[in-house]
Amino acid sequence: MALSRLSLYRASMLCRTAVTSPVLERLNAKRAEALLGGGQRRIDAQHKKGKLTARERIEVLLDEGSFVEWDQLVEHDCTDWGMEKTRHPGDGVVTGTGTVNGKQVFLFSQDFTVFGGSLSAMYAKKICKIMDHAEMVGAPLLGLNDSGGARIQEGVASLGGYGDIFLRNVLLSGVIPQISLIMGPCAGGAVYSPAITDFTFMVKGTSHMFITGPDVIKQVTNEEVSQEELGGWGAHCSTSGCAAGAAENDVHLLLQTRRLLSFLPSNNQEKSPIQECSDPPSRLVPALDNIIPNSATLPYDMKHIIKFLVDEGDFFEIQEHYAKNIVVGFARLNGETVGIVGNQPLVAAGCLDITASIKGARFVRFCDSFNIPLVILEDVPGFLPGTQQEYGGIIKHGAKLLYALAEATVPKLTVITRKAYGGAYVVMNSKHIRADVNYAWPSAEIAVMGSKGAVSIICRGDPDLEAREREYVEVFANPFPTAKKGFVDDVIMPSDTRKRLCNDLKWLRNKTQKNPRKKHGNIPL
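A brief structural summary. (Residues numbered from 1 in each chain as written. Predicted model: local features only at pLDDT ≥ 70, side-chain atom pairs only at ≥ 80, totals over all residues. Heavy atoms only, no water.)

1. Some thoughts on the overall build of the protein
From N to C terminus, the protein includes 19 helices and 17 strands. Along the first, second and third principal axes, the C-alpha set of the protein runs to 110 × 70 × 45 Å. Counting every position in the protein, which comprises 525 residues, the buried fraction comes to 50%. Expressed as a percentage of contacts within the protein between residues at least 6 apart in sequence, the contacts between residues at least 24 apart total 73%. (Helix = DSSP H or I, 4+ residues; strand = E, 2+ residues; numbered from the N terminus. Buried < 20%, exposed > 50% of the residue type's maximum accessible area, 1.4 Å probe, protein only. Contact = heavy atoms within 4.5 Å.)

2. Quick word on a nonpolar patch on the surface
Taken together, the side chains of Leu167, Val170 and Leu171 present a nonpolar region at the surface, about 290 Å² in accessible area. Within the secondary structure, Val170 is located in helix H5 (residues 156-172). (Patch = residues over 30% accessible without salt bridge, like charges linked within 9 Å, V, L, I, M, F, W, Y side chains within 5 Å. Areas by Shrake-Rupley, 256 points an atom, 1.4 Å probe, with all protein chains shown as cover. Salt bridge = Lys/Arg side-chain N within 4 Å of Asp/Glu carboxyl O.)

3. Notes on the environment of Thr99
The topology assignment puts Thr99 in strand E2 (residues 93-100). Accessibility expressed as a relative area gives 16% for Thr99, which makes it buried. Taking the C-alpha atoms as reference points, Thr99 and His432, separated by 333 residues in sequence, lie 42 Å from one another. Beyond its immediate stretch of four places on either side in the chain, Thr99 contacts Leu62, Asp63, Ser66 and Gln104.

4. Some thoughts on empty space enclosed by the protein
Applying the stated criterion across every chain, the model contains four cavities of 30 Å³ or more. Reported here for the largest cavity is a volume of approximately 100 Å³. If you go around the largest cavity, you meet 13 residues; those closest to its centre are Gln110, Asn145, Tyr162, Ala190 and Ser193. Every element with two or more residues in the lining of the largest cavity is listed here: strand E3 (103-110), H5 and strand E6 (185-187). Of the voids in this model, the second largest cavity is the one considered here, and its volume is about 60 Å³. Around the second largest cavity sit 13 residues that line it, and Phe108, Leu141, Gly143, Ser180 and Thr197 are the ones nearest its centre. (1 Å grid on protein atoms, 1.4 Å probe; cavity = no way out; pocket = protein on both sides within 12 Å on 5 of 7 lines; lining within 4 Å. Points joined across faces, edges and corners; volume = space filled by probe spheres on them.)

5. Notes on the packing of helix H4 (residues 121-137) against H5
Where H4 contacts H5, the two axes come as close as 8 Å, and the packing angle between them is 15°. On the basis of the axis angle, H4 is roughly parallel to H5. Crossing of H4 over H5 shows left-handed handedness. In contact with Ala121, Ala124, Ile127, Cys128, Met131, Asp132 and Glu135 of H4, H5 contributes Ala157, Gly161, Asp164, Ile165, Arg168, Asn169 and Leu172. Taken together, the residues of the contact of H4 with H5 sort by class into eight nonpolar, two polar and four charged. (Axes fitted to C-alpha atoms, helices over the stretch in contact; angles between N-to-C directions. Parallel < 35°, antiparallel > 145°, perpendicular 65-115°, else oblique. Left-handed = near helix turned anticlockwise from the far one by under 90°. Nonpolar A, V, L, I, M, F, W, Y, C, P; charged D, E, K, R; others polar.)

6. Digging into the nonpolar core
Counting 54 residues, the largest nonpolar core has Phe201, Ile318, Phe330, Val341, Leu352 and Leu374 as its most contacted members. By residue number, the principal contributor to this core is helix H12 (residues 354-369), which donates six residues. Apart from residues lying up to four places away in sequence, Val341 is in contact with Ile326, Val327, Val328, Phe363, Val364, Leu374, Val375, Ile376, Leu377 and Met428. In this structure, Ile291, Leu333, Cys502 and Leu505 belong to the second largest nonpolar core, which totals 28 residues. (Core = buried A, V, L, I, M, F, W, Y, C linked by side-chain atoms within 4.5 Å.)

7. What to know about the packing of aromatic side chains
Counted under the stated rule, the structure contains twelve aromatic pairs. When the ring of Phe263 is compared with that of Phe316, the centres are 6.2 Å apart and the planes differ by 55°; the resulting orientation is tilted. Placement of the pair is Phe263 in helix H10 (residues 250-263) and Phe316 in strand E10 (residues 316-318), with a sequence separation of 53 residues. Just as Phe263 is buried, Phe316 falls in that class too. Linked through ring pairs, Phe199, Phe201, Phe263, Phe316, Phe330, Phe363, Phe366 and Phe370 together constitute an aromatic cluster. Seen from the ring of Phe112, Lys51 lies directly overhead, with NZ or CZ sitting 4.8 Å from the centre. Its end group placed over the ring of Trp233, Lys204 keeps NZ or CZ at 4.4 Å from the ring centre. (Phe/Tyr/Trp six-rings, centres within 6.5 Å; stacked < 30°, edge-to-face > 60°. Lys NZ or Arg CZ within 6 Å of the ring centre and 35° of its normal.)

8. Observations concerning the pairing of E2
Taken residue by residue, a regular strand's side chains alternate between the two faces of the sheet. Taken across its eight residues, E2 has eight buried, putting it largely inside the fold. Burial along E2 is two-sided: the residues Val93, Thr95, Thr97 and Thr99 and Val94, Gly96, Gly98 and Val100 are all buried. Bridge count between strand E1 (residues 68-70) and E2: three bridges; the pairing is antiparallel. The residue bridging Val68 from the neighbouring strand is Thr97, located in E2. Sheet topology note: the E2/E3 ladder contains eight bridges and is antiparallel. Across the sheet, Thr99 pairs through a bridge with Gln104, a residue of E3. Linking two consecutive strands that pair antiparallel, namely E2 and E3, is a turn of two residues; a positive phi of about 55° is found at Asn101 within it. (Pairing = 2+ DSSP bridges.)

9. With respect to the sheet that holds E2
On the basis of which strands lie adjacent, the open sheet formed by seven strands has the order E1-E2-E3-E4-E5-E7-E9 and mixed pairing. One side of each edge strand has no neighbouring strand; the edge strands of this open sheet are E1 and strand E9 (245-247). In this sheet, adjacent strand axes meet at a mean angle of 25° when their direction is disregarded. Bridge analysis of strand E4 (residues 141-145) against strand E5 (residues 178-182) gives five bridges, and the strand direction is parallel. Across the sheet, the residue bridging to Asn145 is Ile182, located in E5.

10. Things to note about the pattern of salt bridges
In this structure the tally under the stated criterion is 23 salt bridges. Here Lys204 ties to Glu248 by a salt bridge, and the two come within 2.8 Å at their closest N and O atoms. In this pair, Lys204 sits in the loop between strand E7 (199-203) and strand E8 (208-210) while Glu248 sits in the loop between E9 and H10, placing the two residues 44 residues apart along the sequence. For Lys204, a relative accessible area of 25% gives the class partly exposed. Note that Arg500 and Asp490 form a salt bridge whose closest N and O atoms lie 3.2 Å from each other. With Arg500 in helix H19 (residues 497-508) and Asp490 in strand E17 (residues 490-491), the pair connects residues that are ten residues apart, well separated along the chain. A single salt-bridge network, built from bridges that share partners, covers Lys51, Arg57, Asp146 and Asp250.

11. What about the state of the cysteines?
Scanning all chains against the criterion turns up zero disulfides. Cysteine Cys186 remains unbridged, with the sulfur of Cys242 as its closest cysteine sulfur at 11 Å. With no disulfide of its own, Cys502 lies closest to Cys277 among cysteine sulfurs, the gap being 7.4 Å. Residue classification places Cys502 among the buried positions, given a relative accessible area of 5%. (Disulfide = S-S within 2.5 Å.)

Structure below.
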């Protein structure tokens, strides 16, 4: 009986080998075809433009050997316009999971060598699958965009695929970090996915984003504009604010993305990440004691203060070239990730305006979504006056920053370095909108408005306005009236600021605060 069973097993194995050998050969051929994308000629064309291929980008972005690809053998199912004659395994997008510095991430990388990276229904299903799994396990989602847009031959099926992706972008907002890397064209409806994600970064010279291209604009409005002028990194990093930053080339962008991820938690259930820190939390910063100019009208660089305060001077700035009168970005204090928001006296005296309010509000809401404490460095003379600002809706847009900071329940710390005037004082994380800790430096001036404006109103007709100005400055241009009312918790020496902030973050790490139950608020969009 035993011999007959052994003989039967051997026979079955021989049959299986005979059956599977052609299958394995076919599988290997399919995998080889998938790895080659649209073929060597198109890969060479991609390299000639200074761009990496979809798979090369993944190799640079992820930890070595960590990538696990999904749906490598998926093909489109379109039979219109002769599409049944042209199919490629993978269908123009590489999807899967891997790690960045040991952190699990999910990603898709569009392959411009296959149908110009255009999106089909099956291509969209691949992306949706990894988005669903990213949500399920609470891992960041990375989108590497290099696509000509919807696959025209598939018609509304392709558009439906975009809708499926957009829905998931919305539902995952505030649940897991979503980062879009524009590494080639991103046009038409395709741009709305990056627009919904948390951060969008571009590559100088090779990436472009726009709803309608130069040719359509020429036909409709008779305007002549180049692709670079319309949708290049300069347009979106400094003018529209649609991009958070730009890199010199593909490799630079991918390495910067790795750095950004080191500051972020994987999902909204995790606390702000903490890394080992060799920079002592008790470190004094004597240079800060002399950084504020003697004259209130002289500017200084808020970025210098930031780099003096944070661990190792390491600051990852977001939207560096947009709304330069406010500075936002990620840093660490005693190893813990914090979000920094600071007025920039070098630009428009640090006034809040429409673009600064929008930039600040969006960054604050990201930090609050992902439990990242906020440190506000305040030197603000008020909201920027003028008809352009009023007609542009500064009332509505300025309220966005107020709303975001008031709504936030993460630890919130404020340091007033110099000016804190008018409504902008309230907006910039004052005690009145639930700031946890508020400090003022001895150079702080906290008042309804500056001395000239105030005296011209309250002392109208007085023959000695200069004397009244000096009196006003003596009364209000210091931190003591605010400290008397408890609106700042202490007046501290600038050199002690890092030590105080690190200590406060330690006891605030277990802060719990909840807003009233509601479906969602109605932020003034």
